[in-house]
Amino acid sequence: MIYDFIYDIPVRVYFGRDQLKNLGTELKKYGTRVLLTYGGGSIKRMGLYDRVVSEIEAAGMELYELSGIEPNPRIDSVRRGAQMCKDHHIDVLLAVGGGSTIDATKFMAAGACVDHDPWDFLDYSKQAPIERALPIVTILTLAVTGSEMDTGGVISNPETKDKNGRLAPALLPKASFLDPTNTFTVSPYQTACGAADMMSHIIEVYFNTDQDLYMLDCFMEGLMKTIVRYAPIAMKEPDNYEARANLMWTSTWAINGFVDGGKRQAWSCHPMEHELSAIYDITHGLGLAILTPRWMEYCLDETTVGKYVQFGVNVFGIDPSLEPMTIAREAIKRLSEFLFNTLGLKSTFPEVGIDREHFSVMARKSVGGGTLPGFKPLTQQDVERIYEMCM
C-alpha cells in the first residue's frame, strides 16, 4: 500500500570545502547574538574553531560559547544551554560537531522559549509541546546521525536512566554546513560506529510490511551499498575526500524523512539500543551493530523472508536463484561480516561490558510497557530474547 504523505525539509545545505565563507551571512539572518556549542577540544585541534570564530567576528556578531557537550548528550548540558540563551538574549545557536552536539543544541533552542524544565519535552509521561525554538545552524564534523537535516534529537538523563527521543518541526536547523574535510580526523573506530548507525537508520525503514514505493527501496539499497563500499576506505584512508563525502551525504539522506515515504510502522533496534546506552553509556552505533543482525535473525520467518531476499540480492549481490531462506540467512551473515569483520566492531554484549542484570527493565522500557509495532511486533519477552542472542 502507498500512503499519503507530506515531505517538507526546508534546510539550506552548504556542501563542500569552501562553504564557511557563507556562515556569517546565514547567522546574521536571525540576529546579532550567537551561542556556539561544541563538545571536547577536537574542533580546536583541527583548526575549525578558529575559522568559525573568525567568520562570526567578521560578521560583527556577539559570540557566546558552551563547550563540553557529551557523547550521548545529557539533559544537564541542555539545561545549561537553554539558560545561557535566556541570560544573554541569544538570537541564533550554532552547533559545531556531530549528532550529540546538534541534538543537545536543538533542545537548548526549544528550552530557551519556555519556562519549564527542558526534560519535560522528553519525559514520555509529560510530552510538553515543542511549539517554538530559537534558530539553529549546524556545522557537521561527524557523519552519522543526520541531525543536521531532521526534526529530531535524543537526550540522556543519567538520574532516571532514560535516553529519550523527540521529533518536532521547530527543531529543524535553518542551515547546515557539510564539509567532508571536517571528518578527516574522525578515528577508524568512530567511522565504523557511524557506518553501523547509518545502516541501522536505513534498515529500520527498509524492512517494512506497509510500504510499496519501489523507488524508495532502490534509493535505500543505493545508500546501503554506498556505506558498504566507502566506510572501509574511509577507515584506511581518513583523508580520502570521495569516501568522506559519500558517507556524509548518505548519513544525511538516511534519516531526513525522504526514505520514509508514508511508512507507518515503528523502529525496533533504536528503542532497544537506547536502553543499552542509557544504562551502560556505550557508543550508539556499536550497540546498533550488535543488535541489528540478531533482530533480523529473530524476525525472519516465512511471512517476512521476501524482504531479506530483496536486501541480500540487491545490497550484497547474493545469487537470486538460491532458495529464499538460504538467501535470507546469507544476507544476515553478510551484514554481520561487514559489521564485525570489515568494520572490526565488537559483536557481543560481554565484549562491551553488558550483562543480563537489566534485560527485563530495558526490554519493558523499549516497548513502552506494551508491544513495539515494528517490522515484526515485539513484546517485552521478544526483546529479552533478542538481548539474550547478543550474549
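Refer to the structure presented above.
Below is a short write-up of the structure. Throughout, a residue's number is its position along its own chain's written sequence, starting from 1. For a predicted model such as this one, the threshold for reporting local features is a pLDDT of at least 70, and the threshold for listing and counting side-chain atom pairs is 80 or more; totals across whole chains, interfaces and linings nevertheless cover every residue. Heavy atoms from the whole structure form the basis of all side-chain values; hydrogens and water molecules are not counted.

1. Examining the pattern of salt bridges
Here is the rule: Think of a salt bridge as a Lys or Arg side-chain nitrogen and an Asp or Glu carboxyl oxygen that are within 4 Å of each other. Each helix corresponds to a stretch of at least 4 residues labelled H or I by DSSP, and each strand to a stretch of at least 2 residues labelled E; elements are numbered beginning at the N terminus.
In total, this model carries 14 salt bridges according to the counting rule given. Here D162 makes a salt bridge to K365, at a shortest N to O gap of 2.5 Å. Of this pair, D162 sits in strand β7 (residues 162–167) while K365 is found in helix α14 (residues 359–366), placing the two residues 203 residues apart along the sequence. One salt bridge in this structure joins D382 and R385, with 3.2 Å as the shortest N-O distance. Highlighted residues: D382 and R385, both in helix α15 (residues 380–389), separated by three residues, approximately one helical turn. Overlapping salt bridges, with partners in common, bring together R12, E26 and K29 in one network.

2. As for the sheet that holds strand β3 (residues 62–66)
Under the convention used in this document: Pairs of strands are assigned from DSSP output, requiring at least two bridges between the strands. Working convention: axes come from line fits to C-alpha atoms, limited for helices to the stretch in contact. Angles between N-to-C directions cover 0 to 180 degrees. Contact definition: two residues touch when any of their heavy atoms are within 4.5 Å.
If you walk across this open sheet you meet the six strands as β1-β8-β5-β4-β2-β3, and the pairing is parallel. On the outer flanks of this sheet lie β1 (12–15) and β3, each paired with one strand and no other. Taking each pair of neighbouring strands and ignoring which way they run, the sheet shows an average axis angle of 20°. Of the strand pairs in this sheet, strand β5 (residues 136–140) and strand β8 (residues 175–178) are connected by three bridges, and their pairing is parallel. By the bridge assignment for β8, T138 is matched with S176. Relative to the sheet, helix α4 (residues 75–88) contacts β2 (33–37), β3 and β4 (92–97), its axis offset from that of β3 by approximately 160°. Across the face of the sheet, helix α9 (residues 241–253) comes into contact with β1, β5 and β8 while running at roughly 170° to β1.

3. Regarding the pairing of β4
Which entries qualify depends on this criterion: Each residue's exposure class comes from its accessible area (1.4 Å probe, protein chains only) as a fraction of the maximum for that residue type: buried when under 20%, exposed when over 50%, partly exposed otherwise.
Most of β4 is tucked away: six of the six residues are buried. On β4, burial covers both faces: V92, L94 and V96 on one face and L93, A95 and G97 on the other are all buried. As judged from the four bridges shared by β2 and β4, these two strands associate in the parallel manner. Pairing of L36 across the sheet is with L94, part of β4. Two elements, β4 and β5, share five bridges in a ladder whose sense is parallel. Its bridge partner lying in β5, L93 is registered against I136.

4. Quick notes on the packing of aromatic side chains
Each aromatic ring pair is specified by the distance between its two centres and by the angle formed by the two planes. Put simply, the test is: Paired rings are identified among Phe, Tyr and Trp, the last through its six-membered ring, by centres lying within 6.5 Å, and are further divided according to the angle between planes into stacked (under 30 degrees), edge-to-face (over 60) and tilted (the rest). The criterion is that NZ of a Lys, or CZ of an Arg, lies within 6 Å of the ring centre and within 35 degrees of the ring normal, and then a charge sits over that ring.
Going through the model one piece at a time under the given rule, you end up with 20 aromatic pairs. Pairing F207 with F311 gives two aromatic rings, centres 5.4 Å apart and planes at 65°, and the pair type is edge-to-face. Taken together, the residues F207 in the loop between α7 (188–206) and α8 (214–236) and F311 in helix α12 (residues 305–316) connect sequence positions 104 residues apart. With 5.0 Å between their ring centres and 75° between their planes, F219 and F258 make a pair best called edge-to-face. Linking F219 in helix α8 with F258 in the loop between α9 and α10 (269–280), this pair joins segments that are 39 residues apart in sequence. Taking the relative accessible area as the measure of exposure, F219 reaches 28% and is therefore partly exposed. Classification of F258 as partly exposed rests on a relative accessible area of 22%. Through a chain of ring-to-ring contacts, three or more aromatic side chains come together here, namely Y206, F207, W295, Y308, F311, F316 and F375. Across from the ring centre of Y49, 4.8 Å away, lies the NZ or CZ of K44, which sits over that ring. Here the guanidinium or amino end of K307 rests over the ring plane of Y206, the centre of that ring lying 4.6 Å away.

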